[in-house]
Each structure stands twice: as C-alpha cells, then as structure tokens.
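Residues per chain, in single letters:
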Amino acid sequence: MSRKSEFRQVKELIKENIEYARCGLFNTRNIIADYLVTLFDGQYFTLELCYNYGYFEVFGMNDEEYQTLLIYYERYLAKYYKEKEDEENEE
C-alpha cells in the first residue's frame, strides 16, 4: 500500500471511530501508559485509539501530514457534534 493510500485509510478509520475519540488526536506517545487499541498498523503509519479517555494517537507522519490530519479530525468532529445536535432537536 502506498503512503497516500495508508493516509486515506487512517482518515477513514478516524471517521468511523470519531464517537470514541472526541478528546483529541496526538502524534506523541502518552506517558501515562493508557491502554490503546491499534486500529491500523501499516508500513508508514500507525493509528491507535484510547477508548478509556477518548483520543487517537497517530505515528509515522511528518509535520505537514499531521497538520492535514488534525484539520480533518477537527472538521469531522465538528460535523459529528452538529449531527448529534440535529438528532436531539428532532426528538
């Protein structure tokens, strides 16, 4: 799989799991030893999810890729909250 394909896969996994990771996306290893589940472990990137505290950790990205992914995460998270708000208003 190419680097670009892996990047798209990481984005898709973030989208699919956003409800479990609403507290952030980080590119540094946590120092508390939180339990993490590996969602993706490719040749270039690794994406992990901490269900207990609701955040993603991503590794293998350069600064530009990380910033691009962070913007994607923040935009998709805002969309997620908007959809939840709309659902509550319909009830």
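The structure under discussion appears in the preceding block.
Just so you know, these numbers come straight off a predicted model, no measurement behind them.

Caption draft 1: Geometry of helix 1 (residues 3–17). Between its first and last C-alpha, helix 1 extends 21 Å over 15 residues, near the 21 Å set by a 1.5 Å rise per residue. Among the residues of helix 1, those classed as buried are E6, F7, V10, L13, I14 and N17. Looking straight down helix 1, one finds that the buried residues subtend no more than 120° of arc, so they occupy a single side. Looking at the buried residues of helix 1, the elements they touch are strand 1 (25–26), strand 2 (37–41), strand 3 (46–50), strand 4 (55–59) and helix 2 (63–90).

Caption draft 2: View of the side chain of E65. Examined against the element boundaries, E65 turns out to sit in helix 2. Take E65: its relative accessible area is 15%, and that puts it in the buried class. Once residues within four sequence positions are removed from consideration, E65 is found in contact with R3, F7, F45 and G60.

Reading the values: rules and limits
- Residues numbered from 1 in each chain as written.
- Predicted model: local features only at pLDDT ≥ 70, side-chain atom pairs only at ≥ 80, totals over all residues.
- Heavy atoms only, no water.
- Helix = DSSP H or I, 4+ residues; strand = E, 2+ residues; numbered from the N terminus.
- Expected span 1.5 Å × (residues − 1).
- Buried < 20%, exposed > 50% of the residue type's maximum accessible area, 1.4 Å probe, protein only.
- Arc of directions from axis to C-beta.
- Contact = heavy atoms within 4.5 Å.

Limitation: the analysis is restricted to geometry and does not speak to function.
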